[in-house]
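Chain by chain, the residues:
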Amino acid sequence: MCFESLCVFFSDKSSGFGPVFEEQPVDTIYPEESPEDKIIMSCRTRANPPATYRWWLDNTEIVIGNEDDYSLMGGNLVISFPDRSKHAGNYSCLASNEFGTLVSQKASVQFGYLDMFSSDEREAVYVKEGQGAVLLCDPPPHFPEDLSFRWMLNEFPEFIPLDKRRFVSQTTGNLYISTVRASDSGNYSCFVSSPSIAKSVFSKFIPLVPIAEREKYPADIKVKSPDTYTLLGQNVTLECFALGNPIPQIRWRKVDGDLPVERHNISMSGSLLHLYDIQYEDEGLYECEADNSKGKDRHKVHLYVEAPEWVEKISSSERDIGGDYIMSCLASGKPKPHVHFLKNGRMYGKNHELRFTDLTFDDSGMYQCIAENRHGTIYANAELRVFAGAPSFEWNPVKPKLLGAKNGRVVIDCKPRAAPRPSISWSKGTELLHNSSRIFIWPDGSLELLNVTKSDEGKYTCLAENDRGRANSSGSLSVTDATKITLAPSSADISVGESARMECAASHDPTLDLTFIWSLDAHVIDRDREHYESKMAGTSSSELLISNTQLRHAGRYSCTAQTPVDNVTVSAELVVRGPPGPPGGVRVDEVLTSSVRVTWSHGTDNLSPISKYSIQYRDVQAQQDWRDASTSPVNVEGNAEMATVINLTPWTEYEFRVIATNTLGTGPPSDPSPKITTRETRPVVAPSDIGGGGETSRELTITWMPVQPQYYYGSNFGYIIAFKPHNDPEWMRVTVTDPQARKYVHKDSKIPPSTRFEVKMKAFNSQGEGPFSISAFIYSSQDVPAEAPTIIEARTLSATEAVVSWVPLQLQTVEGYQVRYWRESVENEASAQRALVSSRENHTRLDNMKPNSHYLIEVRAYNGAGYGPASQRHKIYTKKAPPSRPPKIIGTKMNYSGTTINIAWEQVEPLANESTVEGYKVLYRPEGQPSGMLYTTVKQSIDLPMKKGDYLVEVRAHSEGGDGAVAQVRIAGKNTFTLVCFYAQ
């Protein structure tokens, strides 16, 4: 650390200076299980002569050399073989040289540890699907507190990904699941890491067992950050997580202001609010809101910003002997810091200032001002040096060449270095000067001349004298012509977007350079080159061009003509008229179901009267863009300060803003009003697209399109369903409380099948019921088919295929047929293979069967209500498998004319469990294509026509169980061939 007040002090002397800290000790955590056998506490200063160092532990000086545990390396303290019982505590470093002593900031040495989790088994957690779950981490004893937490599922290192449904609190380590699903079943372990000591441990597994009973639950915040105290400039993370089904949405806001722009971030689907570089204005009340379709929950947390902070610090100083001096430092913070002083490392004063009168050399030394409260300690360091000496102009002589403008004012400085304070006298040539109407010698020794003329030119000498000696310094004064404005800029009145030009000219002494400086309201125009352009017009005039003028460019423009000797200034006014500024103080009252009253105060009209106001609104929850509001009156005049906004939606959270317009345009909008929610009323929108019908037998399924949330118009929203058989006079009514529901199933064993029902629906909320929808007509479910099909035929086609046919049922309710088949005595009925067939068909092919096996087959009809009774089971026996060995190619021969080629192979002998060979199939196809000419033969050879290009010949045995493995021959060109055999597995 370098204290700036010391870094450049005494740069004018070759003598030394007191210590200046460049590196100080910092808080250190030493892992108890660390393989390192030492701790190094840093302390380094810049000093001349070099500093010597001492160290203290808890207000006791460490004697280096008496104990083997401690040694010095430069200014650093080395602690060997650290031991908690001997070496834990607060350390400080003292650096000293002949100019004084400084004490470093205190730094702690602490010993970190993280024990293992308990070996006791964790109890299983049983949770209904849809409910939330909390798995407790319960971390083992540890130090320090800055742990990080993750959770594993079933095995290491399968860490659970976090999302809007799952959250791990970095405060408690607990795992929160907002809505438990069947897929969450498993064994969970809390994985704890201590970054300070680089160690991790994990707990015994906790079984989570979801129970199949899905319901919906309102949002319930379970992770709540407590009221938080933080220091200025630090970062803070606030946690908020809710259980509930559907998964709650989480939003953050600052109750008494806005979240800090560009210094906050929201992550983990809203569960974490990060605040960066905390400032005092960030203090206040923060609210987390969680909501789903079943309800809302809120939690507020107060953030307090506390820290000691310097308002005024001491700085190094050199003071004259015998003089007076006040050394003061002020600190702010919450709670108010205690301030005290050290001199050369020892207590010197217990308030915020030191007062010195009649300074002596003994007052020289190193001073430290220390401010501390419960949150920390801050230091300010300075060196005070008391000086005594004869006057000297070595470092600050009188300027040798002085210039003054005719009829102007000249001040000649005389500032020798001297202590005690010297007496000052002035002379011109040999004439001693005294105070008069034109000549004045200031208390600090400066000489002032008024109404200067050519006769004032000459040599001026300053003489300084004290009890230690005397010295003088001289400079020559020359008088030049005064600078005068000859053309002043003119005032102008323009509108936003227009341009303005200002001109300025001056006369001046021809021996001096003349420059022009333009300023606006006493601020020099040196930026905003997009709008300003200044240029010289010759050697004695300047012009300023202001293009695309904005409201901020209005004001008093000054032109200053300046030489090295004098300057003169002249000004002009620029008036810029433009669109009005934003209205202020927007408030909302008289809140009804569909209207509110908005009031505001006039903003600036920017010199053009306001002609009208317009009001905009936006739905806060929908996060929609701003929209123009309908108002009463329709046209809001420019002198109005209130209007009624109409056609709003009941039970909706809104915010409003106001925009002013004049003849020059429309201004920026006001700040948004405080958020308000319109009053509740009974709903007016009914569900739409009512439909449904029968699904399972003795059930009536009713479906609809739910009402959109903006039409709920109140809390506790739900639906009333009324239904009855078409000709029945009495209605049945049921209530559905889930506003997002889309389906209701009425189960009643007395519901007749295929019966026409009339259905109508309406919405309700806490204020009452809305109107019924238009009636819809649906049919109850039909009964399952009552008859079983009769199988006509079932026969095998090969080792893996069969065909089955049946007599179709003459029932209109049949939608199709299901064929089931399985191996007798080998497979159970539940694992049967299934084939679905349309009601228009009465046969199907069965595949994927096992060779040489007994199969049972049954057929049943089905419709939307389910499956009817099964047919009598039919038994078939699949054929043996086809030969598994391919034919062995033994010869290829082309005839003399080259028109055919003969392919020959050995007879394929099937295995005992394979079908007898009935013949051979030969596929002759172009290479790269799947199809070609297929030949069959009972012989062991075949003649094939020669063709241009490359061809493949595939030969396989054929049996009643199907085709066997293939052998392949490649024919390349007309007169050559290549033999390639591939054997089936």
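Predicted, not measured: the structure shown is a model, and the values here were computed from it.

## Considerations on the overall build of the protein chain
Helix and strand counts for the protein chain stand at 2 helices and 90 strands. Radius of gyration (C-alpha) of the protein chain: 49 Å, far over the 30 Å computed for a compact globule of 985 residues. Projected onto its principal axes, the C-alpha positions of the protein chain cover 145 × 85 × 80 Å. Considering the protein chain as a whole, with its 985 residues, one finds that 45% of them fall into the buried category. In the protein chain, the share of contacts with a sequence separation of at least 24, taken over all contacts with a separation of at least 6, comes to 64%.

## What about the pattern of salt bridges?
One pass over the structure, following the stated rule, counts 53 salt bridges. With its nearest N and O atoms 3.3 Å apart, the salt bridge here joins Arg-46 to Glu-22. Of this pair, Arg-46 sits in strand β4 (residues 44–48) while Glu-22 sits in strand β1 (residues 17–23), and the two are 24 residues apart along the sequence. Judged by its relative accessible area of 27%, Arg-46 falls in the partly exposed class. One salt-bridge network, in which partners are shared between bridges, spans Arg-251, Arg-253, Glu-287, Glu-289, Asp-291, Arg-298 and Lys-300.

## Some thoughts on the environment of Met-732
Note that Met-732 resides in strand β70 (residues 732–736). Classification of Met-732 as partly exposed rests on a relative accessible area of 33%. As for Met-732 and Ala-722, which are separated by 10 residues in sequence, their C-alpha atoms are 5.5 Å apart.

## Concerning the sheet that holds strand β3 (residues 38–41)
Taken in spatial order, the 3 strands make up an open sheet running β3-β8-β7, and their pairing is antiparallel. The outermost strands of the open sheet, each flanked by one partner alone, are β3 and β7 (70–73). Strand-to-strand, the axes of this sheet are offset by a mean angle of 25°, without reference to chain direction. Judged from the 4 bridges that link them, β3 and strand β8 (residues 76–80) form a sheet pairing that is antiparallel. Looking across to β8, one finds that Lys-38 is bridged to Ser-80.

## What to know about the sheet that holds strand β33 (residues 338–343)
Reading across from one edge, β30-β37-β36-β33-β34 is the order of the 5 strands in this open sheet, with mixed pairing throughout. Strands with a single pairing partner mark the edges of an open sheet, and in this sheet they are β30 (317–320) and β34 (346–349). Neighbour-to-neighbour, the strand axes of this sheet turn through a mean angle of 35°, independent of strand direction. Note that β30 and strand β37 (residues 376–387) share 4 bridges and pair parallel. Across the sheet, Arg-319 pairs through a bridge with Val-386, a residue of β37.

## Topic: the UniProt feature "domain: Fibronectin type-III" (unreviewed entry) in the protein chain
With numbering aligned to this structure, UniProt lists the feature "domain: Fibronectin type-III" (unreviewed entry) at residues 582–681, 686–783 and 788–881. Overall, residues 582–681 shows 0% helix and 48% strand. The separation of its end C-alpha atoms is 34 Å.

## Regarding the side chain of Thr-844
Relative to the elements of secondary structure, Thr-844 occurs in strand β79 (residues 843–846). Those residues in contact with Thr-844 that sit more than four places away from it in its chain are Ala-802, Val-803, Val-804, Trp-806, Val-819 and Val-837.

## A word on the UniProt feature "domain: Ig-like" (unreviewed entry) in the protein chain
Taken from the UniProt record, the annotation "domain: Ig-like" (unreviewed entry) applies to residues 19–110, 127–202, 218–304, 308–385, 391–478 and 483–571. Its end C-alpha atoms 31 Å apart, residues 218–304 is made of 0% helix and 61% strand.

## Concerning the packing of aromatic side chains
Scanning the model with the defined rule gives 23 aromatic pairs in all. Consider the rings of Tyr-30 and Phe-111, whose centres lie 5.6 Å apart with planes at 75°: the pair is edge-to-face. Highlighted residues: Tyr-30 in strand β2 (residues 28–31) and Phe-111 in strand β11 (residues 107–114), separated in sequence by 81 residues. Of the two residues, Tyr-30 and Phe-111, both sit in the buried class. Joined through ring pairs, the aromatic side chains of Phe-156, Phe-159, Phe-191 and Phe-202 make up one cluster. Stacked on the ring of Tyr-229, the Lys or Arg Arg-374 has its end atom at 5.8 Å from the ring centre. Positioned above the aromatic ring of Phe-772, the side-chain terminus of Lys-760 is 4.6 Å from the ring centre.

## Quick word on the state of the cysteines
Enumeration over the complete set of coordinates arrives at 6 disulfides. A disulfide bridge connects Cys-43 with Cys-93, and the sulfur atoms are separated by 2.0 Å. Taking the sign of the S-S torsion, about -70° here, the bridge from Cys-43 to Cys-93 comes out left-handed. Of the two residues, Cys-43 sits in the loop between β3 and β4 while Cys-93 sits in strand β9 (residues 89–97), which places them 50 residues apart along the sequence. Overall, the relative accessible area of 1% leaves Cys-43 in the buried class. Judged by its relative accessible area of 0%, Cys-93 is buried.

## With respect to the confidence of the model for the protein chain
Within the protein chain, residue pLDDT values average 90, and 96% of them lie at 70 or more. Between residues 1–14, whose pLDDT stays under 50, and residues either more than four places distant or in other chains, the model counts 41 contacts. Of the regions scoring below 50 in pLDDT, residues 975–985 engages in 32 contacts with residues more than four places distant in sequence or in other chains.

## Regarding the pairing of strand β80 (residues 854–863)
The buried count for β80 comes to 9 of 10 residues, which makes it a mostly enclosed element. Summarising the sheet, strand β77 (residues 816–823) and β80 pair through 8 bridges and their orientation is antiparallel. Counterpart to Tyr-817 in the pairing with β80 is Ala-861. Where β80 and strand β82 (residues 874–877) come together, 4 bridges link them in antiparallel fashion. Note on β82: the bridge partner recorded for His-854 is Tyr-877. Bridge count between β80 and strand β81 (residues 866–870): 3 bridges; the pairing is antiparallel. By the bridge assignment, Tyr-862 is partnered in β81 with Tyr-867. Two successive antiparallel strands, β80 and β81, enclose a turn made up of 2 residues.

## Describing the nonpolar core
Ranked by size, the top nonpolar core spans 24 residues in total, and within it Leu-238, Phe-241, Ile-250, Trp-252, Leu-273 and Tyr-286 carry the most contacts. When residues of this core are traced back to their parent elements, those giving at least two are β21 (217–224), β23 (236–245), β24 (249–254), β26 (272–275), β27 (284–292) and β28 (295–305). Counting residues per element, this core draws most heavily on β23, which supplies 6 residues. If we ignore the near neighbours within four places in the chain, the residues touching Leu-238 are Ser-225, Thr-228, Trp-252, Ser-271, Leu-272, Leu-273, Tyr-286 and Val-301. Formed by 22 residues, the second largest nonpolar core is a distinct cluster that contains Met-41, Ala-47, Ala-95 and Phe-111.

## Let's talk about the environment of Gly-408
Inspection of the secondary structure puts Gly-408 in the loop between β39 (401–405) and β40 (410–412). Overall, Gly-408 belongs to the partly exposed group, its relative accessible area being 21%. A C-alpha to C-alpha distance of 79 Å links Gly-408 and Pro-248, two positions 160 residues apart in sequence. Among all residues touching Gly-408, those that are not within four sequence positions of it are Leu-449, Leu-450, Asn-451 and Val-452.

## What to know about unusual backbone geometry
The residue after Phe-143, namely Pro-144, is reached through a cis peptide bond having omega 0°. Each neighbour pair has its own omega, and for Ala-419 with Pro-420 the value is 0°, a cis peptide bond. Here Pro-420 lies in the loop between β41 (417–419) and β42 (423–428). Although it is not a glycine, Asp-58 sits at a positive phi angle of roughly 50°. Tracing the backbone shows Asp-58 in the loop between β5 (52–57) and β6 (60–61).

## Description of the side chain of Ser-595
Within the fold, Ser-595 resides in the loop between β57 (584–589) and β58 (596–601). Judged by its relative accessible area of 14%, Ser-595 falls in the buried class. Beyond its immediate stretch of four places on either side in the chain, Ser-595 contacts Glu-590, Thr-644, Val-645, Ile-646 and Leu-648.

What counts and what doesn't
Residues numbered from 1 in each chain as written. Predicted model: local features only at pLDDT ≥ 70, side-chain atom pairs only at ≥ 80, totals over all residues. Heavy atoms only, no water. Helix = DSSP H or I, 4+ residues; strand = E, 2+ residues; numbered from the N terminus. Rg over C-alpha atoms; globule rule 2.2 N^0.38 Å. Buried < 20%, exposed > 50% of the residue type's maximum accessible area, 1.4 Å probe, protein only. Contact = heavy atoms within 4.5 Å. Salt bridge = Lys/Arg side-chain N within 4 Å of Asp/Glu carboxyl O. Pairing = 2+ DSSP bridges. Axes fitted to C-alpha atoms, helices over the stretch in contact; angles between N-to-C directions. UniProt positions renumbered as here; feature names shortened; annotations may be inferred. Phe/Tyr/Trp six-rings, centres within 6.5 Å; stacked < 30°, edge-to-face > 60°. Lys NZ or Arg CZ within 6 Å of the ring centre and 35° of its normal. Disulfide = S-S within 2.5 Å. pLDDT = per-residue confidence, 0-100. Core = buried A, V, L, I, M, F, W, Y, C linked by side-chain atoms within 4.5 Å.

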